[in-house]
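# Structural characterization, general
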Amino acid sequence: MAPVAPGGTIGILGGGQLGRMLAMAAAQLGLKCHIYCPDTEVPAADVAAALTRAPYADAAALAAFADAVDVVTYEFENVPAETARVLAEHAPVRPGPLALATAQDRLTEKNFLSRQGIATAPFADVASAGDLAAALERIGAPAILKTRRFGYDGKGQARIAGAAEADAAWDAIGRTPAILEGFVPFEREISVVVARGIDGETAAYDPVENIHKDHILDRSYAPAALDAALAAEACAIAGRIVAALDYVGVMGVEMFLLPASAGTARLIVNEIAPRVHNSGHWTMDACAAGQFEQHVRAICGWPLGSPARHSDAVMTNLIGAAAVDWAAIAAEPGARLHLYGKAEARPGRKMGHVNRLFPLGKRPPVT
Ligand code: AMP
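Residues numbered from 1 in each chain as written. Predicted model: local features only at pLDDT ≥ 70, side-chain atom pairs only at ≥ 80, totals over all residues. Heavy atoms only, no water.

Glancing now at the layout of surface pockets. Roughly 320 Å³ of volume is contained in the second largest pocket. In this structure, the second largest pocket is lined by 16 residues; those nearest its centre are Met21, Ala25, Gln28, Met284 and Phe292. Those elements that place two or more of their residues in the lining of the second largest pocket are α1 (17-28), α9 (283-286), α10 (291-299) and β16 (335-339). Of all the elements, α1 adds the most residues to the lining of the second largest pocket, at 5 residues. Taken together, the residues of the lining of the second largest pocket break down into 10 nonpolar, 3 polar and 3 charged. (1 Å grid on protein atoms, 1.4 Å probe; cavity = no way out; pocket = protein on both sides within 12 Å on 5 of 7 lines; lining within 4 Å. Points joined across faces, edges and corners; volume = space filled by probe spheres on them. Helix = DSSP H or I, 4+ residues; strand = E, 2+ residues; numbered from the N terminus. Nonpolar A, V, L, I, M, F, W, Y, C, P; charged D, E, K, R; others polar.)

This is the structure:
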């Protein structure tokens, strides 16, 4: 398949910060972006060549959008299957429908990982209160009940300390199809951002350690302090996932690192995101080719860039009011400030991030 050459146009579903940073990376390679987003505020449109503001169910608008671009991608995984199907009649959609279907449903995702022989938390399908009681008996407590679809940043989840809490948890998630996961006593949370090109070439960035606050990513430490064998294993797992999905683009793979004393596989996969990922934002400033450029290269059929890390980094999200400190951060030597152009700093809203760079081997310890 011929690559999308400079001058070509990428269609991006979704107009938030991920679309915005994709559009900026695309521009650097001489490519244009056309954003499709139903929202009134569209940060990605500030830096894109065109915007279609229409609902994701508007088949005519989708068709016209896809006819106007060379390839379609997306910045969020909950793209409705019907939307992706309509678009695919008019332009290649990358990553493809298998990745979307797998990542949109926690049960499909866990079953897929198990089939690949990749370790996950123990899990069970829960379609009713009766299933939940049986699943709790099998998996034991503590456990976490998660909706199969549309969960993010800890939403659609309820912890269960014992059988007495089962009914409340079922109510809390809205009595909707779910999975029960055994609570994993992890030592650390890490992630790998990996890319796969159209020709099957893969390139993984170094694993990072992630610290969450209020269920939202707060900081990523690059690289994670892992021995070389574990770091290589984490990258190999991510590579197996993208290969099995015949994936094209960048994917975020979230993992738990279990203590060595657990006597089990030390790395288990929590979830996959078929898109550029917040825990990969450090790559923009600390790697030869950052994740946004890498995604653009992959979906356009270009050779992948080098994921090599030339600096260590700590990425800190600027959430809600944190972005008011922009002037102080801008004055900090070595701090690379990224602001998303959002008007209103609501609590929990990602307004920007800052990458603080350090010489290789010199990043501060995780706090
Ligand atoms: P998720 O939405 O699946 O990414 O879960 C959000 C957060 O909940 C994760 O980042 C973990 O901190 C925690 N978590 C999720 N699943 C488990 C589990 N099976 N065991 C322990 N902690 C979990």
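By nearness alone, 16 residues border the ligand, and Lys146, Gln157, Glu181, Val184 and Glu189 come closest of all. Glu189 places a side-chain nitrogen or oxygen 2.6 Å from an oxygen atom of the ligand. In the environment of the ligand, an oxygen atom lies 3.0 Å from a nitrogen or oxygen atom belonging to the side chain of Asn270. Protein contacts shield 92% of the accessible area of the ligand, which totals 480 Å² for the unbound molecule. The set of elements that each furnish at least two residues to the shell around the ligand consists of β6 (143-147), β8 (178-182), β13 (249-257) and β14 (267-273). Residues that form the shell around the ligand fall into these classes: 6 nonpolar, 4 polar and 6 charged. Both domain 2 (122-182) and domain 3 (188-358) contribute no fewer than three residues apiece to the shell around the ligand. (Near = heavy atom within 4 Å. Polar contact = N/O pair within 3.5 Å; in protein donor to acceptor, adjacent residues only side chain to side chain. Areas by Shrake-Rupley, 256 points an atom, 1.4 Å probe, with all protein chains shown as cover. Domains from an automatic or database assignment.)

Another point: the side chain of Thr102. Within the fold, Thr102 resides in helix α4 (residues 97-104). Discounting residues that sit within four places of it in the chain, Thr102 has contacts with Thr108, Glu109, Phe112, Leu245 and Ile272. (Contact = heavy atoms within 4.5 Å.)

When the domains of the protein are assigned, the result is domain 1 (9-93), domain 2 (122-182) and domain 3 (188-358). Placing a centre on the C-alpha atoms of domain 1 and another on those of domain 3 gives a separation of 22 Å. Listed as interface residues are 19 residues of domain 1 and, on the opposing side, 22 residues of domain 3. Contact between domain 1 and domain 3 buries roughly 1,900 Å² in total, counting both sides, with carbon and sulfur atoms accounting for 69%. (Buried area = accessible area lost by both parts, 1.4 Å probe.)

As a further point, take the packing of α1 against α10. Across the interface, α1 lies against α10 with an axial gap of 8 Å and an inter-helix angle of 70 degrees. Here α1 lies roughly perpendicular to α10, going by the angle between them. Residue-level contacts link Leu18, Met21, Leu22, Ala25 and Ala26 of α1 to Phe292, Glu293, His295 and Val296 of α10. A breakdown of the residues in the contact of α1 with α10 according to their chemical character gives 7 nonpolar, 1 polar and 1 charged. (Axes fitted to C-alpha atoms, helices over the stretch in contact; angles between N-to-C directions. Parallel < 35°, antiparallel > 145°, perpendicular 65-115°, else oblique.)

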